[in-house]
Amino acid sequence: MGEQQVQAGGDDQALRGFMKALLNDVLALEHMLENGMFETDVRRIGAEQEFFLVDQARKPANLAQEIMARVDDPRFTFELAKFNLEANLSPLTLAGDCLRRMEREAVEVVKHARATARSVGADIVLTGILPTLGKKDLTLDSMVPRPRYRALNDAIVKLRGGEAFKLGVKGLDELEIEHDNVMLEACNASFQIHFQVAPDEFASLYNIAQAVAGPVLAAGSNSATLLGKRLWHETRIAVFEHSIDARSGHHRARGLKPRVHFGEHWIDQSVLEIFREDIARFRVVLTTEHDGEDPVAQVEAGGVPPLTALRLHNGTVYRWNRACYGITDGKPHLRIEHRALPSGPTVLDEVANAAFFFGLMSELAEEIGDVRQRMRFEDARSNFFAAARYGLKAQFTWLDGEELTANELILRRLLPAARRGLERVKIRRRDIDRYLGVIEDRVTAQQTGARWMLDSMAEMDPAKSLDERLRNLTAAIVSQQAQERPVHRWKLAEFCQSQDWRDSYRTVEQIMTTDLFTVRPDDLIDFAAALMEWKHVRHVPVEDDTGRLVGLVSHRALLRMVARGSQQRQVAVRDIMNPEPTTISSQARTVEAIRLMREHKVACLPVVNEDKLAGVVTEADLIGVAGKLLETFLEEGE
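This structure is a prediction, so every number in the text was calculated from the model and none was measured.

Visitor: Even after reading the chapter, I still don't get the overall build of the chain, so can you show me in this structure?
Guide: Looking only at helices and strands, one finds 22 helices and 22 strands in the chain. Whereas a compact globule of 638 residues would reach a radius of gyration of roughly 26 Å, the chain reaches 27 Å, a difference of no more than 12%. With respect to the three principal axes, the spread of C-alpha positions in the chain is 95 × 60 × 55 Å. Within the chain, counting contacts between residues at least 6 apart in sequence, those at least 24 apart form 73% of the total. Summing over all exposed atoms, the chain offers an accessible surface of approximately 27,400 Å²; the carbon and sulfur share of this is 47%.

See the structure below:
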């Protein structure tokens, strides 16, 4: 996540000082480009491996600090949340056995992370979004206590004018949530890859990276669930675009672009276009102390300036293909950071995705020339979001307007091109076969990580609680990752009774019903009675138009009304509802729900969070838990 000695904005003088440093860095970069100071005689690649930490119940484990204290490896670093970590892989020259070396190092750091996690009773998961993540995990209590993260949160919340972050995603299910901080970003784990380029080829290759982003993502999607909902094949794309959205409602209405974005147009000439546009569009949200040394003077003296202000600002704008400035062995370089690929399902799958991207980057600029003459930018962007939504089921518009399915485009056009590209840079033939073979087999089998998740969930017994199914899905990911077989060879997850089922019934949130049928206070009581008959329920919550719970209608109240002979006149729900029902929070423990039901002699507890109806828990739900307990007790007794 970059420089840690930062602050959120600062006073006017600090902002002006940082902006001056930022503009000087851009001017210095311009001089460096004009004077040919950048490294041009080598093509390097690199990667960042992110992953989740989970406990024995396969739920998020806030143990990043404990693990970092033990891991003793400079490649590891913190991510935003205490349940995430990242390892930075070594830069490699793109040639020979570099892909196999990247795989070996990634396997090494994953095994090291897993062994260290297990020493504190945890494990790791390579996946784009952890299936067992809950909204309760996304509070500031789960944020790693480092200055940059809190400063970023405070700055973005301030820019939004205090407005809640809103996320709406539709897939097989629909998710609509509001959140009060940037921790939604922590839902995402990536395998970010880097591709070093020379300045004079930057524009051409950056445009190629934009063009291939969609099909590469379609082949590598691995993020199909979020907060228990089955959404896009690569839900990370939607989540990240909303989690760091610094725009207020006024700015959105005015058309201000989000800080996480694909881009608006092709690049024409230089990397400067990206840096200048991002400075012009996006306010400074983080500042840092600058040493006062003039970067332009450094360039004129033959030195290499760190461009600290430029790199800090660039780190707060999240293009899916991000331009990066770096220094290796005293020489400056430019690279394209491809940020769209998810973590997992296995290291082999990740390196196969990287090989696919590197091969296309090495070939297509030579093969097709200027992509701007062959493809509309709007099609490249549309392809990217189609891939995020539908994975290998996406429909793409490719060069010269050709319409192809993801399968057709990848198998017929892009895999042969990627092979030629890897051969062009002299990658070992057996490694080309290994990694592109994984992509070909995955696409042919139509089983990405996302598809495996969705099919596994569909095959699990729907009578089991959602929490149990998600925990079993996560456990299956951990188990199959340990076997190091690519995802197209994975068997669908099966419901594993060895998982401690009690971890799925500890809180009200895990057992409550959320698919509710409700009435309004002014509705006819006849409607409430019909709902009870049609849906076989004995309680109907009463909510107002904002979703606030205002009462509860019970079957017993209806019987009393009938006994009093009131059924012949039009009776409103408000006339017989209990306006002050006993309620409970979704985060309360299940035993608290049992206690409240006994104490208040009620058979239904509406679940309320911040005055809004979130669900109900009933005697029937608790009988199900008790039945499970009895079954397990008898089985263990046998």
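Visitor: Looking at this structure, how should I read the state of the cysteines?
Guide: Put plainly, two cysteines are in a disulfide when a covalent bond ties their sulfur atoms together. Summed over all chains, the structure comprises zero disulfides. In this model cysteine 324 remains outside any disulfide bridge; the closest cysteine sulfur is found in cysteine 98, 19 Å from its own. For cysteine 324, a relative accessible area of 8% corresponds to the buried category.

Visitor: Explain the packing of aromatic side chains to me, please; I cannot follow it from the model alone.
Guide: Two measures describe an aromatic ring pair: the distance that separates the ring centres and the angle between the ring planes. Within this structure, the stated rule accounts for 14 aromatic pairs. Three or more aromatic residues joined by ring pairs form one cluster here, namely Phe240, Phe262, Trp266, Tyr318, Trp320, Phe377, Phe384 and Phe385. Positioned above the aromatic ring of phenylalanine 165 is the side chain of arginine 160, whose terminal nitrogen or guanidinium carbon lies 4.4 Å from the ring centre.

Visitor: Would you take a moment to explain the pattern of salt bridges for this structure?
Guide: If the charged atoms of two oppositely charged side chains come close together, the side chains can form a pair. The tally for this structure, following the rule as stated, stands at 44 salt bridges. When the shortest N-O distance is used, the salt bridge between arginine 101 and aspartate 97 registers 3.9 Å. The exposure class of aspartate 97 is partly exposed, given its relative accessible area of 25%. Where salt bridges share partners, they join Arg58, Arg114, Arg118 and Asp123 into one cluster.

Here is what the cut-offs are and how they apply
- Residues numbered from 1 in each chain as written.
- Predicted model: local features only at pLDDT ≥ 70, side-chain atom pairs only at ≥ 80, totals over all residues.
- Heavy atoms only, no water.
- Helix = DSSP H or I, 4+ residues; strand = E, 2+ residues; numbered from the N terminus.
- Rg over C-alpha atoms; globule rule 2.2 N^0.38 Å.
- Contact = heavy atoms within 4.5 Å.
- Areas by Shrake-Rupley, 256 points an atom, 1.4 Å probe, with all protein chains shown as cover.
- Disulfide = S-S within 2.5 Å.
- Buried < 20%, exposed > 50% of the residue type's maximum accessible area, 1.4 Å probe, protein only.
- Phe/Tyr/Trp six-rings, centres within 6.5 Å; stacked < 30°, edge-to-face > 60°.
- Lys NZ or Arg CZ within 6 Å of the ring centre and 35° of its normal.
- Salt bridge = Lys/Arg side-chain N within 4 Å of Asp/Glu carboxyl O.

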